[in-house]
Amino acid sequence: MARLHPDTMTFLEHLDELRQRLVRCALALVAGTAVCWSFRERIFHVMTQPMRDAGFKDSFIYTSPAEALMLYMKMAFFVGIFLASPYVLWEMWGFISPGLHKHEKTWAVPFVGMGSTFFALGAVFGHCFLFPLTFRFLGEFGGADMKFLPKIDEYYSFYSWFLLGLGLVFQIPVVIFVLARIGLVTPRFLLKGWKWVILGAFVASAFITPTADMVIQSALALPMIGLYFFGVGVAWLFGRERRHAEDALPVEAEAPSAAR
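In short, a report on the structure.

Digging into helix 1 (residues 11-37)
Taking 1.5 Å of rise per residue, 27 residues should cover 39 Å, and helix 1 covers 39 Å from first to last C-alpha, within 8% of that figure. Buried residues of helix 1: Glu17, Arg21, Cys25, Ala28, Gly32, Thr33 and Cys36, and no others. Tucked inside the fold, the buried residues of helix 1 contact helix 2 (40-47) and helix 4 (67-96).

Given below as structure tokens:
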């Protein structure tokens, strides 16, 4: 069935297209979860590695008979999100691309590539650096009179939301890229609010991190600030304003000859 042009589609037809794309995204997540289920024990070992890096050597505990099974299912789904993210981003681009100009539609591959890469980089940053640093800091409060016996389900919930939050935070350059291509933001506009960006980064890091330690909060806030200014560079290189300026040069150059 041929796809209708966006200008001729009604509001309900747009909603129906969105529904179809969401269904395909859900199927991609199911497929990613099924693939990850085959590697559930390896995934468990990788997810618990930050605790071992922080100095915890004991086994995790669980108190419900079905808790281990449910944990493996949730872990497979969590990793399946990262596995399916390129396809999900492709569907997102497919939904918004009809509203773009023809030359702007060619940025589908950079959008999907950047989105998937930065989503994974956020998770890697949290897994390898910020998560062990957080638990190493929190573990210092137990002392000799208390023994830390983490419940695996609580550990997973904390870990998964922590990494998903970082994955979304690392989408800042991708969001700026899309907004700059559409023409909603410019580098000058983004730089005007740099003071609020720094303040917002520390406020957001205070919500994401579970401690009041400024070292840990700064370890998250500083990359967020760096990502924002990296996004400013992306907007300068690929923004619509710059494209229009480049397209206008040949017209100005041909003007004298036209006058003759």
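With respect to the packing of aromatic side chains
Two descriptors summarise a pair of aromatic rings, namely the distance from one centre to the other and the angle between the planes of the rings. Overall, the coordinates contain 17 aromatic pairs when judged by the stated rule. Where Phe78 meets Phe82, the ring centres are 5.4 Å apart and the plane angle is 75 degrees; that geometry is what we call edge-to-face. Highlighted residues: Phe78 and Phe82, both in helix 4, separated by 4 residues, approximately one helical turn. Given a relative accessible area of 4%, Phe78 falls into the buried group. On the basis of an interplanar angle of 25 degrees and a centroid distance of 5.9 Å, the ring pair of Tyr155 and Tyr159 is categorised as stacked. Within this pair, Tyr155 and its partner Tyr159 are both found in helix 6 (residues 152-169), separated by 4 residues, close to a single helical turn.

Side note on the environment of Pro132
Inspection of the secondary structure assignment puts Pro132 in helix 5 (residues 108-138). In this structure Pro132 comes out as buried when scored by relative accessible area, which is 3%. Separated by 80 residues in the primary sequence, Pro132 and Arg52 place their C-alpha atoms 8.4 Å from one another. Dropping the residues within four chain positions of it, Pro132 is found in contact with Pro50, Asp53, Ala54, Gly126 and His127.

With respect to the nonpolar core
One finds Met47, Phe78, Phe111, Leu130, Tyr155 and Tyr159 to be the most contacted residues of the largest nonpolar core, which totals 47 residues. Counting only elements with at least two residues in this core, the list comes to helix 2, helix 4, helix 5, helix 6, helix 7 (172-182) and helix 10 (214-238). Examining the composition of this core, we find that 11 residues originate from one element, helix 5, more than from any other. Residues within four places of Tyr159 in sequence aside, it is in contact with Met47, Pro50, Phe78, His127 and Phe131.

Criteria and thresholds
Residues numbered from 1 in each chain as written. Predicted model: local features only at pLDDT ≥ 70, side-chain atom pairs only at ≥ 80, totals over all residues. Heavy atoms only, no water. Helix = DSSP H or I, 4+ residues; strand = E, 2+ residues; numbered from the N terminus. Expected span 1.5 Å × (residues − 1). Buried < 20%, exposed > 50% of the residue type's maximum accessible area, 1.4 Å probe, protein only. Contact = heavy atoms within 4.5 Å. Phe/Tyr/Trp six-rings, centres within 6.5 Å; stacked < 30°, edge-to-face > 60°. Core = buried A, V, L, I, M, F, W, Y, C linked by side-chain atoms within 4.5 Å.

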